[in-house]
Structures are given as C-alpha cells and as structure tokens.
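One letter stands for each residue in the lines below.
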Amino acid sequence: MFGVVLLFAVDLALPRPIYVVVVFVYVIVSFLLLWYWKTRRYSHILDLCLILLFLFGVDVGNCFCFAFLLFPLISRGVYIDRYTYDKFFIPEYIILVVVVDASFGLQNILFYVFQALVVVMFALLYWMSVQRMKDDKRMAQMLDKADDYFLAQIKSYEVYKKIIERLSIEGVEVKSITCFECDSQIQKFHLVNSSYLVSTFFLNLNTIEKIHLQNGDSISDVDYMLDNVKQKRNEVYSVVQPSTIFLFVVVYQPDAAILNNPDFEPLFLRMSRIITFERVMREKRDSTIQDMIKKSRFVNGATNVMHFIKNRLTPLQTLVDLAKNEGDVKKLDNFDEILEKTAFSAQREINAILDKAEYLLNKQNNPFVFIKEGYDAHTIFEVLSSIWSNLLPLSDKIVVDTKQEVKTLYESNIEGLEILFSDIIGNMNKYAKNYLSCVFKQNDNSILTISFENDFGNSKDIEALINDVNNPNKDAVIYRTSYGVANIRAISDNLCVGLLASLVEKDNRELYRLELNFKPKKDEENTNH
Amino acid sequence: MKKILIIENEFQSMIAPIMVLVGQYKNLQEELTYKVCVKSQEVDWDGLPTYNVILVDLSLAAKSEMDGYAILNKIKAEYPDLISRTAVITGNGKVEEAFKEKGIEMDEFKVFTKPLKYMLLKEFIDEVTAEKTV
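Predicted, not measured: the structure shown is a model, and the values here were computed from it.

A.B. asks: Would you mind showing me how to read the interface of chain B and chain A here?
C.D. replies: Where the parts come together, the accessible area they lose is often given as the size of the interface. With 21 residues of chain B in contact, the opposing surface of chain A contributes 24 residues. Across the interface of chain B and chain A, roughly 2100 Å² is buried in total on both sides, 55% from carbon and sulfur atoms. Where chain B packs against chain A, one counts two salt bridges. A salt bridge links lysine 117 of chain B to aspartate 321 of chain A; the nearest nitrogen and oxygen atoms lie 3.1 Å apart. At the surface where chain B touches chain A, the tally comes to eight residue pairs in polar contact (both at pLDDT 80 or more). Where the side of chain B that touches chain A is concerned, the elements lending two or more residues are helix 1 (15-27) and helix 4 (118-133) of chain B. Looking at which element gives the most residues to the side of chain B that touches chain A, the answer is helix 1 of chain B, with eight residues. Residues belonging to the side of chain B that touches chain A are distributed by class as follows: 10 nonpolar, eight polar and three charged.

A.B. asks: Would you explain the nonpolar core in this entry?
C.D. replies: Nonpolar side chains in soluble globular proteins tend to end up buried together. Residue and element names in this part refer to chain A. Ranked by internal contacts, the top residues of the largest apolar core, which has 46 residues, are Ile380, Phe421, Phe440, Ile450, Phe452, Leu516 and Phe518. A per-element tally of this core places helix 13 (residues 414-431) first, with eight residues. Ignoring any residue separated from it by four or fewer positions in sequence, one finds phenylalanine 518 in contact with Ile380, Tyr410, Ser412, Leu417, Phe421, Ser446, Ile447, Leu448, Ile450 and Val497.

A.B. asks: Just checking my understanding: could you explain the pattern of salt bridges for this structure?
C.D. replies: Side chains that differ in charge, positive against negative, can pair when their charged atoms come close. Going through the model one piece at a time under the given rule, you end up with 23 salt bridges over all chains. Bridged by salt links that share partners, the residues Arg312, Arg348 and Glu349 of chain A together with Glu10 of chain B form one connected network.

A.B. asks: Looking at this structure, I do not really get the packing of helix 10 (residues 314-323) of chain A against helix 1 of chain B. What am I missing?
C.D. replies: A pair of packed helices is captured by two measures, namely the crossing angle of their axes and the spacing between those axes. Running from N to C, helix 10 of chain A and helix 1 of chain B point in directions that differ by 40 degrees, and their axes come no closer than 7 Å. In this view, helix 10 of chain A runs oblique relative to helix 1 of chain B, as classed from their interaxial angle. For the pair helix 10 of chain A and helix 1 of chain B, contact is made by Thr314, Pro315, Thr318 and Leu322 of chain A and by Ala16, Pro17 and Val20 of chain B, respectively.

A.B. asks: For this particular structure, what's the right way to read the packing of helix 4 (residues 63-74) of chain A against helix 6 (residues 109-151) of chain A?
C.D. replies: Residues and elements named next belong to chain A. It is the contact of helix 4 with helix 6, at a shortest axis distance of 10 Å, that shows an interaxial angle of 20 degrees. The pairing of helix 4 with helix 6 is recorded here as roughly parallel in orientation. In terms of crossing hand, the pair formed by helix 4 and helix 6 is right-handed. Across the interface between the two elements, Phe66, Leu69, Leu70, Leu73 and Ile74 from helix 4 touch Phe114, Gln115, Val118, Val119 and Phe122 from helix 6.

A.B. asks: Whenever I open this one, the pairing of strand 2 (residues 32-37) of chain B confuses me. Can you help?
C.D. replies: A regular strand carries its side chains on alternate faces of the sheet. Pairing of strand 1 (residues 2-7) of chain B with strand 2 of chain B, which is carried by six bridges, proceeds in the parallel orientation. In the strand pairing of strand 2 of chain B, isoleucine 6 of chain B is matched with valine 36 of chain B.

A.B. asks: Where do I start with a nonpolar patch on the surface in this structure?
C.D. replies: All names here are of chain A. Judged by side-chain polarity, Met121, Leu124, Leu125, Trp127 and Met128 come together as a nonpolar surface patch covering roughly 530 Å² of accessible area. Note that methionine 128 resides in helix 6. Looking at methionine 128, the relative accessible area reads 46%, which means it is partly exposed.

Parameters and conventions
- Residues numbered from 1 in each chain as written.
- Chains lettered and ligands numbered in written order.
- Predicted model: local features only at pLDDT ≥ 70, side-chain atom pairs only at ≥ 80, totals over all residues.
- Heavy atoms only, no water.
- Contact = heavy atoms within 4.5 Å.
- Buried area = accessible area lost by both parts, 1.4 Å probe.
- Salt bridge = Lys/Arg side-chain N within 4 Å of Asp/Glu carboxyl O.
- Polar contact = N/O pair within 3.5 Å; in protein donor to acceptor, adjacent residues only side chain to side chain.
- Helix = DSSP H or I, 4+ residues; strand = E, 2+ residues; numbered from the N terminus.
- Nonpolar A, V, L, I, M, F, W, Y, C, P; charged D, E, K, R; others polar.
- Core = buried A, V, L, I, M, F, W, Y, C linked by side-chain atoms within 4.5 Å.
- Buried < 20%, exposed > 50% of the residue type's maximum accessible area, 1.4 Å probe, protein only.
- Axes fitted to C-alpha atoms, helices over the stretch in contact; angles between N-to-C directions.
- Parallel < 35°, antiparallel > 145°, perpendicular 65-115°, else oblique.
- Left-handed = near helix turned anticlockwise from the far one by under 90°.
- Pairing = 2+ DSSP bridges.
- Patch = residues over 30% accessible without salt bridge, like charges linked within 9 Å, V, L, I, M, F, W, Y side chains within 5 Å.
- Areas by Shrake-Rupley, 256 points an atom, 1.4 Å probe, with all protein chains shown as cover.

Structure (structure tokens):
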C-alpha cells in the first residue's frame, strides 16, 4: 500500500507501469505464501525485495522514502512468528539499507549517522520486546508445568521435577526444590513436599533471614541440610499467607550460577495455591471417602448378615419341618431325640444370629474391594505424610529411611491406603497419651515397613488388641468393637499388606507398635505411579 | 448303604437335617453314612466315586485351597460321571452370575439354597441312588 503511495508522491527510477506490475506480482506471491503455503518464513525477504525495487536509485532523504525504508522495523510485529521472532532479519535489512544508499550515490555523512541511529534504535527496541516475549513465554511454560497438576493429574511433588526439567532447558541446573510450611513466626517447619524423597532436613534461619521471608522476600545461601548433607547454593522463596508461610527452597547444582530467578515468585505463588487446593480437595475427598465407607459398610454388612442368617436358618427350618411331620418323621424311633437335638442346634444358631446382629448394630464392617496397582515408596510416603500431617499436625514428623536408588514398586491401592492410614493414625491419636511416632523404612530386602508407635493408658486393652491384630483367624476379630481392628485387618488383607502388632519398650516406657509390611510387587512392568 | 460326602465349613448348621435323614433311612432299614470335609485338602479325591451323593458348599473355609466353584470345576473336568450325583448348597439365592463367571452352567448341578429342607435332600438322594441302581 505504501509502495502505491510512493508511485504518486515520489519520482521513482523506473517507469511507473513496471512498479504496478511488481506490486501485482508481490500481492500474488504474498497471498500464496500466507494462504497457500501457510508460511511467513520468507515474507520478510519478499517485502525487502519490494522496498529495494521501489527505493533503488531514489533519494531516501525524502520523508516518504525514509519512512518506507523504516517500514519493516516499525511493523516488525507482522513478521514475528516462531521462526523469526528471536533473530529478526537484521543482516538482510542492513544489506537493503546499504544497497539503497549506494544506488543513489553519496550523501551528507550526518544523514548516514542519523539513518544508522534510527535503525539501531528500532532494532534495540525490537530486541527488548523479543526478550520480553521470551520471558513471558518461559513464565507461561513454567506455570503450565504447575498447571499439569490439574490437567495431567500429576502429584504436586512431580510438578517440581517437571519445573527442574524445564529450567534445565534454559541452562538453569537445579538439584532440588523443597517446600516447607511454617508458622508466621517461622519457628517450626513442616515438610510439605519435595522433588526429592527427603529423609531428614535441617533449615536454620537467623533473625534477619526470617524477617526477609516474613516480608515475602527471597534469600540465598541459608544453612540448609537434606539427609544430613549440606545443601550449598540455595535460594529460599517465601509465599506469605494469612495463617501460614510457605518456604520454597531451591538448591542449585554445584556448578550452576545462583540467580534470583524472577520466574520463581509467580511460580511458587501458584504452587502454594496448588498445595492449599490439594489440601482442601483432600479434606473433601476424606470426607467423601468416610461417607462411602459408612455406606459400603452398611450395604456389605447387610448383605453379609442376610447370607449369615440364611446359613443359620437350616436347623430352624428342620424344626418346622419336623413339627409339620414332613416325611412322616413322627414315626421315627428316635424322633424325640432328633427333635431335642434339632432344637438345641436351632437355639445355638439363634444365639449366633443374635450375636451377629449385635455386632452389626454396633459396628458395620467391610471395606471396599480395591484394585491393586504398583506404587513406589515416594507415592506411598506422600499419602502417609499427608494423612499424618492432617490428623496429627502437632506431632513429630515421620522418620524416613529409604534407598533412593532402589525403584521398587509395591502392590497397593491409593484409596485403600488412605482409609488404612486414616484408621490407624486416627486410632493412635484417639488412644495415645503423649507419644506418637511413625517410621517409614525400606529394608535391605526391599520390603517397605511403616511402623506406628504410641503409648497407651489401658494395658489390658492393648494386649487384647495385639492378640486381635495378630490372630490368624479372621472371624475371631470381627466381634471386637474397639480400635477398628476388624476394618484395619480387612483392608490390609485386601491390599496384601502384612500387619504385626507388638509391645516395645523405649525410654523406660511401654509402647504399642503396629507394623505394616509392603512386599515388592513381583511383576514390575505395571505402571509406576 | 448310602454314602454322602459333605464339603462344608459350617456343618454345624446342617447337622439337623442330616440327623433326620439318617433316622429316616434307618427306619427304612437302610444305612446312611456321611463324611464332612471342611477344606478341599481333606477330600479323598480317589475315593470320590465311592460316594452316592456329594454336597458342596460354595463358600468354604479361608484356609481351603479350593472354593466350592473350583471343586465343582474339578469334578466337571476329572469326574464327569459324578456331576449328576453332585449338588450345590449355598446361602446365596442368586448364584447364576457367580456360576457364569466360573464357567459353570446353572443346569449342570442341582442347587439347594439354605435353609435346607431335609425332604428335598432325601428326594435327591433317592433319585440319584435309584439312577445308579438302574
């Protein structure tokens, strides 16, 4: 369009019909590029060729011509796409300017200086806007990784791994990202999640560092240890919320440059929201699961009791048939003896039905049938840790002793584990006096053992409880009404998790210990969660 | 003499009708003997053809290596002549779906649902032993 203006405003070097034909050809080729071949890759070359043809041998000191020469710089946004936005076409453009200038002959030196300044200024502005676009794109990609929590249904700790991978593409080598939650005074830390399965941690902050973090500022090179190994080259970002502060500790690889990455602040803000959201959802899900458990227990309990009653009704049916003299039984020599024995048997079955009814009225008992899949220790720990911190927010954290290098899968089911852990931890919380602890340990033979320990008030109850947990006879357990033993046994049986209860002595006090043993999954080709 | 094998983990609940049956046959000058197996491991498989009637409960003790369905399938596969002498005893009134899942046709085995009636058992025993005699 601008070229057409030039046709009438400026004396051009060639006859005007030639330019008209050129513009016509330009329009057709542009159309083919954009609509037929669907590419913008070579459109800037086409534009530069058109400008060269119009301005060849023309005085670019003319304001129309100079504007036409600057046109590609001014309208650079037209050329921005995934091929050209990061390098533009500076070399091609400079060649154009030099050829156009040379075609007219020498001009005042000040004109060239002015021309160069204008070109450099526009190029600089363009470079800055491209950098901004790249930053925005990188930030969007980082936030996309966080959003994968919702879209790809990954766990929150897996988001960190994806972020680390994305940062690695940018040349930022991060070793680990760990999130801690603390009170507003930053006195006590609670590990929320991490890209790394953390066994032990140590985070020591001085008063000045705490003040910075309380103000939402980031700090670096704090005294920080993971699994008793000092983590140098670290940065701590804080996200301050009304009742809590999330601290995100980024540890860089030894040779990586520490940079106060501007991407991290919005990213960690997003992560803190995800963690909060995850918590709210978990609470909702826990409540839904509890409702489902109640309903399931009721339905299963009702089904079971109907089967049970039908099984026990046979002596009563026989008694009725005898009374009705079915098969002319009254003629039998030992009819009285049969009647007496049948009545005795019927009475015994009536008592059994009454006992069962009493049990069912007091406590419905039956878990879901869970479909088992392969889960690694990290996933199981996340489930346990989340329930532990939800139900026992003030207790000591879980002691972890795992082998990072061993990627063993354990056959289990997340919903089943949630119910099992909730039952066990809920009971511990209910019956413990002062002491509660949990150890998460991967043994040398790859068996995963989770040990829960608590002190107790009534030692007789605990002895009975230990007997019930360890009793191989399932039926002997179902009559118990305390400690939810039957439910715990049923779920652990269903999940193939070994249960072992015992009394242990620690620091001159007797503790109840419940051990869950997860055997490695034999077929490891199943999905790794 | 009529011999019946009862594979059932809760025999105490069906001792009454068996007791009546024993009395009834005794009145007919016949002897009815029975053997109870709580688990599939207790079954003398070689001696299975010596029984006139085999009664199999579908749900057996947890320690039983085979449940009732597996026992029925074993009979189908290894002792097809005994199918007509074998009856299922169950508390589940709707065993069709479970049978289908386990590859058993409903009309293959006689099914008695609990509570058991001794007269129905007697009819079955008489029918089976009569067939055998014929």
